[in-house]
Amino acid sequence: KNGFLVRKVHADSDGKKTPRGKRGWKTFYAILKGLILYLQKGEYRPEKQLSDEDLKNAVSIHHSLAMRAADYSKRPNVFYLRTADWRVFLFQAPNAEQMQSWITRINTV
Ligand code: I3P
């Protein structure tokens, strides 16, 4: 599954709150391949190679949990992703259908 997602980093590994200055929303082209969610920056081209920075932003979704961010009302279509190492991301999808589709795909790999 691929598509644009806007990401906010809420907690770093071990659940420690991400410090101010690193909590802003950023747009990525997301590519879910196997157990890795790749987050590619910049304009999307199918043939584009992942940069070193893209690889650093990649998230393992093994033993992760995605759920609708029912308590987050500043933006629509936002879901949480909690990873096995207790990082927490918020991702905003372009619409409700895409949000649900990402949640289902992440939780059923
Ligand atoms: C963050 C940025 C986020 C905001 C976050 C800020 O600043 O303004 O948009 O989250 O608030 O810390 P920075 O880019 O300097 O990290 P919201 O959009 O959810 O308000 P937060 O610290 O209360 O999460």
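What comes next concerns the included structure. Quick caveat: nothing in here was measured; it's all calculated off a predicted structure.

Description of the site of the ligand
At step 1: In the vicinity of the ligand, the residues found are Lys8, Arg20, Gly21, Lys22, Arg23, Gly24, Trp25, Tyr72 and Lys74.
At step 2: At 3.4 Å from an oxygen atom of the ligand is found a main-chain nitrogen or oxygen belonging to Gly24.
At step 3: When the free accessible area of the ligand is taken as 500 Å², the share hidden by the protein chains comes to 59%.
At step 4: Looking at the shell around the ligand residue by residue, the classes come out as two nonpolar, two polar and five charged.

What to know about the packing of aromatic side chains
At step 1: Under the criterion given, the structure shown has five aromatic pairs.
At step 2: By the ring-pair criterion, three or more aromatic residues cluster together here, those being Phe4, Tyr29 and Tyr44.
At step 3: The side chain of Lys1 reaches across the aromatic face of Trp102, ending 4.9 Å from its centre.
At step 4: A cation over a ring is seen here: Arg82 above Trp86, with NZ or CZ 4.2 Å from the ring centre.

The rules behind the values
- Residues numbered from 1 in each chain as written.
- Predicted model: local features only at pLDDT ≥ 70, side-chain atom pairs only at ≥ 80, totals over all residues.
- Heavy atoms only, no water.
- Near = heavy atom within 4 Å.
- Polar contact = N/O pair within 3.5 Å; in protein donor to acceptor, adjacent residues only side chain to side chain.
- Areas by Shrake-Rupley, 256 points an atom, 1.4 Å probe, with all protein chains shown as cover.
- Nonpolar A, V, L, I, M, F, W, Y, C, P; charged D, E, K, R; others polar.
- Phe/Tyr/Trp six-rings, centres within 6.5 Å; stacked < 30°, edge-to-face > 60°.
- Lys NZ or Arg CZ within 6 Å of the ring centre and 35° of its normal.

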